[in-house]
Amino acid sequence: MSERTLVLIKPDAVQRGLAGEILSRYERKGLRIVALEQRNAEGSVLDEHYAEHVEKPWYHELRDFMQTGPLLAFVLEGDSAVSIVRALNGATDGRKAEPGTIRGDFSISNQANLVHGSDSLESAEREIGIWFPEA
Ligand code: CDP
Ligand code: MG
């Protein structure tokens with residue numbers, strides 16, 4: 001079933017010049033780019049996006065990290081897009097993520113882990129509404 005999911009290429013990936021490599025992995029898998037924008041994330045947008053985490057002790061650091069530079073926000077579309085993106089991204093902690101995944105290949109951090117992908121269809125709909133309210 002065709003789905004849409006919200007992806008962020010985080011500031012660490014953009015700064016390291018990995019945006020093209022990461023984007024091409026999603027494209028080569030067969031997902032279609034629906035909307036794509038480079039953004040400097042506002043704090044208020046991040047608080048909405050990470051609503052489930054704002055009370056966590058590490059949230060302030062995450063919020064600062066997400067504002068260290070521009071990020072790429074985009075929507076990917078395709079069969080099972082939500083779970084496919086999560087699988088391509090790998091486990092949250094880059095030190096534990098499987099080789100062959102984006103985080104497993106390029107990150108050794110629990111925070112600077114290069115990418116975000118919606119964790120469910122419901123989250124995808126909510127997050128697309130935050131980053132692309134016109135979509
Ligand atoms: O991104 P994902 O859904 O895999 O993980 P999460 O548990 O929903 O956490 C969201 C983001 O918070 C992670 O991708 C990390 O960038 C960050 N994080 C952090 O800074 N410190 C932690 N202890 C856990 C997560
Ligand atoms: Mg999450």
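Structure's up top.
The rules we used
Residues numbered from 1 in each chain as written. Chains lettered and ligands numbered in written order. Predicted model: local features only at pLDDT ≥ 70, side-chain atom pairs only at ≥ 80, totals over all residues. Heavy atoms only, no water. Core = buried A, V, L, I, M, F, W, Y, C linked by side-chain atoms within 4.5 Å. Buried < 20%, exposed > 50% of the residue type's maximum accessible area, 1.4 Å probe, protein only. Helix = DSSP H or I, 4+ residues; strand = E, 2+ residues; numbered from the N terminus. Contact = heavy atoms within 4.5 Å. Axes fitted to C-alpha atoms, helices over the stretch in contact; angles between N-to-C directions. Parallel < 35°, antiparallel > 145°, perpendicular 65-115°, else oblique. Left-handed = near helix turned anticlockwise from the far one by under 90°. Nonpolar A, V, L, I, M, F, W, Y, C, P; charged D, E, K, R; others polar. Near = heavy atom within 4 Å. Polar contact = N/O pair within 3.5 Å; in protein donor to acceptor, adjacent residues only side chain to side chain. Areas by Shrake-Rupley, 256 points an atom, 1.4 Å probe, with all protein chains shown as cover. Pairing = 2+ DSSP bridges. Salt bridge = Lys/Arg side-chain N within 4 Å of Asp/Glu carboxyl O.

## A look at the nonpolar core
Piece 1. Within the largest apolar cluster, 18 residues are counted, with the highest numbers of intra-cluster contacts made by I9, I22, Y26, F74, L76, L114 and V115.
Piece 2. Looking at this core, the elements with two or more residues in it are β1 (2–9), α2 (19–29), β3 (71–79) and α5 (81–89).
Piece 3. When residues of this core are assigned to their parent elements, the largest contribution, 4 residues, is made by α2.
Piece 4. Not counting residues up to four positions away in its chain, the partners in contact with V115 are L8, I9, K10, I22, Y26, N89, I102 and R103.
Piece 5. Judged by nonpolar contacts, the second largest core, of 17 residues, contains L6, L8, A35 and Y59.

## Remarks on the packing of α2 against α5
Helix-helix packing is described using two parameters, namely the angle between the two axes and the distance between the axes.
Piece 1. Closest axis-to-axis distance for the α2/α5 pair is 11 Å, and the angle between their directions is 135 degrees. Judged on the interaxial angle alone, α5 and α2 are oblique. Note on packing geometry: the crossing formed by α2 with α5 is right-handed. Counted together, R25, Y26 and K29 of α2 and I84, V85, L88 and N89 of α5 form the full contact between these two elements.
Piece 2. Grouping the amino acids of the contact of α2 with α5 by side-chain chemistry returns 4 nonpolar, 1 polar and 2 charged.

## Description of the site of ligand 1
Piece 1. Residues in close proximity to ligand 1 include K10, Y50, H53, W58, L62, R86, T92, R103, N110, Q111 and N113, which together make up its full environment.
Piece 2. Note that an oxygen atom of ligand 1 is positioned 2.5 Å from one of the side-chain N or O atoms of T92.
Piece 3. Contact with the protein chains hides 82% of the accessible area of ligand 1, taken as 500 Å² for the molecule alone.
Piece 4. Partitioned by chemical class, the residues of the shell around ligand 1 number 3 nonpolar, 5 polar and 3 charged.

## Considering the environment of A124
Piece 1. Relative to the helices and strands, A124 is located in helix α7 (residues 121–131).
Piece 2. By relative accessible area, which is 0% here, A124 ends up buried.
Piece 3. Residue contacts for A124: discarding those within four places in its chain leaves R4, T5, V82 and S118.

## Some thoughts on the sheet that holds β1
Piece 1. Read from one edge of the open sheet, 4 strands run β2-β3-β1-β4, paired in antiparallel fashion. Only two strands of the sheet have a single partner each, and these edge strands are β2 (32–39) and β4 (115–117). Adjacent strand axes in the sheet meet at a mean angle of 20 degrees, parallel and antiparallel pairs treated alike.
Piece 2. As paired strands, β2 and β3 are joined by 7 bridges and run antiparallel to one another. Considered in β3, the bridge of E37 is made with A73.
Piece 3. Packing against the sheet, α7 makes contact with β1, β2, β3 and β4, and its axis sits at approximately 55 degrees to β1.

## A closer look at the pattern of salt bridges
Piece 1. By the definition in use, this model includes 8 salt bridges.
Piece 2. Here R95 ties to D93 by a salt bridge, and the two come within 2.9 Å at their closest N and O atoms.
Piece 3. Residue class for R95 comes out exposed when judged on its relative accessible area of 56%.
Piece 4. Classification of D93 by relative accessible area gives buried; the value is 9%.
Piece 5. The network of salt bridges with shared partners includes R4, R32 and E77.

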